[in-house]
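The chain contents come next:
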Amino acid sequence: MCNAAVRIELMPPWDDLHISHNQRGPPAGEITAAAAASGLMDLSKRVSVWSVEEVSEWVQQQQYSGQQSMLQTAILQHAVSGRALLRMTAHHLEELGVGGPAQQEVLQDVLLLRVQEELENLMEIFTECFSS
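What counts, and at which threshold
- Residues numbered from 1 in each chain as written.
- Predicted model: local features only at pLDDT ≥ 70, side-chain atom pairs only at ≥ 80, totals over all residues.
- Heavy atoms only, no water.
- Helix = DSSP H or I, 4+ residues; strand = E, 2+ residues; numbered from the N terminus.
- Buried < 20%, exposed > 50% of the residue type's maximum accessible area, 1.4 Å probe, protein only.
- Contact = heavy atoms within 4.5 Å.
- Areas by Shrake-Rupley, 256 points an atom, 1.4 Å probe, with all protein chains shown as cover.
- Polar contact = N/O pair within 3.5 Å; in protein donor to acceptor, adjacent residues only side chain to side chain.
- Phe/Tyr/Trp six-rings, centres within 6.5 Å; stacked < 30°, edge-to-face > 60°.
- Axes fitted to C-alpha atoms, helices over the stretch in contact; angles between N-to-C directions.
- Parallel < 35°, antiparallel > 145°, perpendicular 65-115°, else oblique.
- Nonpolar A, V, L, I, M, F, W, Y, C, P; charged D, E, K, R; others polar.

Attention now goes to the overall build of the chain. Counting its regular elements, the chain contains six helices and zero strands. Counted from the first residue to the last, the chain has its helices and strands arranged as α-α-α-α-α-α. Within the chain, the fraction of its 132 residues that count as buried is 33%. Considering only intrachain contacts with a sequence separation of at least 6, the fraction spanning at least 24 residues in the chain is 70%. Accessible surface for the chain amounts to roughly 8,000 Å². Of this, 58% is attributable to carbon and sulfur atoms.

Mapped onto the secondary structure, glutamine 60 falls in helix H2 (residues 52–61). Expressed as a C-alpha distance, the spacing of glutamine 60 and glutamine 72, which sit 12 residues apart in the sequence, is 6.9 Å. The contacts of glutamine 60, once residues within four sequence positions are left out, are Gln68 and Gln72.

Further remarks concern the environment of glutamate 53. Residue placement: glutamate 53 occurs in helix H2. When the C-alpha positions of glutamate 53 and serine 81 are compared, they lie 8.1 Å apart, and in sequence the two are 28 residues distant. Polar side-chain contacts of glutamate 53 include one of 3.2 Å to the side chain of serine 51.

Here we take up the packing of aromatic side chains. Applying the stated criterion to the full structure yields three aromatic pairs. Ring centres 6.3 Å apart and planes at 45 degrees place the aromatic pair tryptophan 50 and tryptophan 58 in the tilted group. On the basis of relative accessible area, tryptophan 50 is assigned to the buried category, the value being 5%. For tryptophan 58, a relative accessible area of 7% translates into the label buried. An aromatic cluster of at least three residues, connected via ring pairs, comprises Trp50, Trp58 and Tyr64.

Put simply, H2 and helix H3 (residues 68–77) touch, their axes get as near as 9 Å, and they point 175 degrees apart. With respect to H3, the element H2 is oriented roughly antiparallel. On the side of H2, the interface is formed by Val52, Val55, Ser56, Val59, Gln60 and Gln61, while H3 contributes Gln68, Leu71, Gln72, Ile75 and Leu76. For the contact of H2 with H3, the class distribution of residues is six nonpolar, five polar and no charged.

See the structure below:
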């Protein structure tokens, strides 16, 4: 029997990110330059600990039906971290100004990131339970 503590994280409504159209983040040029200077993203890093810059870089690498630039700007402006990205819903994307086909594409990619995060959680549990 495994004695490791099992941590189950429920995904509550987007508690940690409150979108306000008056909220301002750091200038987009500064963050995108920093993200670009860092080279390719470290895909081994868990999405839930991605910084705003890493989320922006992830969006930059996607192909979102002409709304990629607007989404990237909104992510920087509203300081969307990896943790917040994993909780993103259609409603949040609408508040960020993303609709139509791009919205569905983003939601599908976020779903894949959620699955990846859950698999990593399960691997941690497995390792704690069955490592010698």
